Amino acid sequence: MADSYSPSPKPNKSWPTVTRFVRYMLKEQRLLFVLVGIAIATVVFALRPSTAAVSSSGRITDAYSVSESVQMMNSRRSVYPTGFDSLNLGGKIPLGLKRKGLRIVVTGGAGFVGSHLVDRLIARGDSVIVVDNFFTGNKDNVMHHFGNPRFELIRHDVVEPLLLEVDQIYHLAFGTLNMLGLAKRVGARFLLTSTSEVYGDPLQHPQVETYWGNVNPIGVRSCYDEGKRTAETLTMDYHRGAGVEVRIARIFNTYGPRMCIDDGRVVSNFVAQALRKEPLTVYGDGKQTRSFQFVSDLVEGLMRLMEGEHVGPFNLGNPGEFTMLELAQVVQETIDPNAKIEFRPNTEDDPHKRKPDITKAKELLGWKPKVPLRKGLPMMVSDFRQRIFGDQKNIGAAATTTSTTA
């Protein structure tokens, strides 16, 4: 019987291989050099600057160079008032750098306030899309930006939906629900321009933001009053329910160049009537009070609110209080001392007093109005005179009001 044969197993060569590798690494301090290299690489990546910056709206934008940021910083200093560079603009930006220009939509941007806001945003270096149906706005108000690659104009009524990719939305029109929907879709920060009319005929004087108001829901003024109150409600619901970043401004009486000449507002009425040698129409006994802020002050407040950290609402107005008779007298002093005053029956639901408490805006936004009525009114008069009579010598005055008073 043949002997059985079973071959012996081959020796395992893995251990000798590992042993040779370990011996190799231990010779001539090779392991030490490897560990030092790993440590250096770790430090380099840990200290490496971020390749993206966060804009004030919370959206990520491409990183930019130091030289570009310095140029933007210098341009902003020429536009913003003293001390504004120290304002916390929201969003974490690397130390010493300024953000790139944002892409911003301004609804109602061809109107009185909107066009002055557009001027400031473009001067700051942002790209601006104006959306306006020209119902009260005027293309002439933004025509000086035509040809600027950072300016776009869309004729559109925002009560109809609109699809855009933007970082911020300044909403100065109707169609609030659609614009809130846009802000939610693209992650934009949304600023609602509400009004002091939400206080109605106030029983509290001056009015603070915590005051709920005294509004007649079925009066002749209620459509506007309640419309703005509803807009504030929608804005806060989108903020709480959908996480939309929102800001709310309650704007008090504002005047300045580019106002509609015949819009029915008291300042524009008085100025136009005085220039046309017509009587100044005062409704009621003329003892109703209002406060009047120049448009450049309002624009500054809106921008600070948008770039700040607080939702609001914030009163934005000039607490300097005038009766209608006192306003008429200032207009007489500015235009025609011989202008007549004509009294007419008062309108329904006309508020007796209106004056903002701006303590909150002072403390949280670092904002307060700077242009008194007697300084701002002549600039408005120059603009109205040119538009009514075509007085060429006053063309330049109205065009530069925002930059000279900001």
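Our structure is the block above this text.
Residues numbered from 1 in each chain as written. Predicted model: local features only at pLDDT ≥ 70, side-chain atom pairs only at ≥ 80, totals over all residues. Heavy atoms only, no water.

Trainee: Would you take a moment to explain the pattern of salt bridges for this structure?
Mentor: When their charged atoms lie close together, side chains carrying opposite charge are able to pair. With the rule as written, the count across this model stands at 19 salt bridges. Residue D119 is joined to R258 by a salt bridge in which the shortest nitrogen-to-oxygen separation is 3.0 Å. Residue D119 is located in helix α4 (residues 112-124), and its partner R258 is located in the loop between β9 (254-255) and α7 (266-275); the two are separated by 139 residues in the primary sequence. The exposure class assigned to R258 is buried, which follows from its relative accessible area of 12%. R387 is the partner of D383 in a salt bridge, and the nearest nitrogen-oxygen pair spans 2.8 Å. One end of the pair is D383 and the other is R387, both in helix α11 (residues 373-389) and four residues apart, which spans about a single turn. Here the residues in one salt-bridge network are R120, E300 and R304, joined through shared partners. (Salt bridge = Lys/Arg side-chain N within 4 Å of Asp/Glu carboxyl O. Helix = DSSP H or I, 4+ residues; strand = E, 2+ residues; numbered from the N terminus. Buried < 20%, exposed > 50% of the residue type's maximum accessible area, 1.4 Å probe, protein only.)

Trainee: Even after reading the chapter, I still don't get the packing of α7 against helix α9 (residues 324-334), so can you show me in this structure?
Mentor: When two helices pack together, their arrangement is given by the angle between the helix axes and by the axis-to-axis distance. Direction vectors running N to C along α7 and α9 enclose 40°, while the axes themselves pass 10 Å from each other. Relative to α9, α7 is oriented oblique. Remark: the crossing between α7 and α9 carries right-handed chirality. Residues V266, V267, F270, V271 and A274 of α7 pack against M324, L327, A328 and V331 of α9. Here the residues of the contact of α7 with α9 sort into nine nonpolar, no polar and no charged. (Axes fitted to C-alpha atoms, helices over the stretch in contact; angles between N-to-C directions. Parallel < 35°, antiparallel > 145°, perpendicular 65-115°, else oblique. Left-handed = near helix turned anticlockwise from the far one by under 90°. Contact = heavy atoms within 4.5 Å. Nonpolar A, V, L, I, M, F, W, Y, C, P; charged D, E, K, R; others polar.)

Trainee: Mind showing me how you'd approach a nonpolar patch on the surface here?
Mentor: Together, L31, V34, L35 and I38 line one region of the surface with nonpolar side chains, adding up to about 340 Å² of accessible area. As for its position among the elements, I38 is in helix α2 (residues 30-47). (Patch = residues over 30% accessible without salt bridge, like charges linked within 9 Å, V, L, I, M, F, W, Y side chains within 5 Å. Areas by Shrake-Rupley, 256 points an atom, 1.4 Å probe, with all protein chains shown as cover.)

Trainee: I keep staring at the environment of A173 and nothing clicks. Help me out?
Mentor: Here A173 lies in the loop between β6 (168-171) and α5 (176-186). A sequence separation of 65 residues divides A173 from G108, and the C-alpha atoms of the two residues are 5.2 Å apart.

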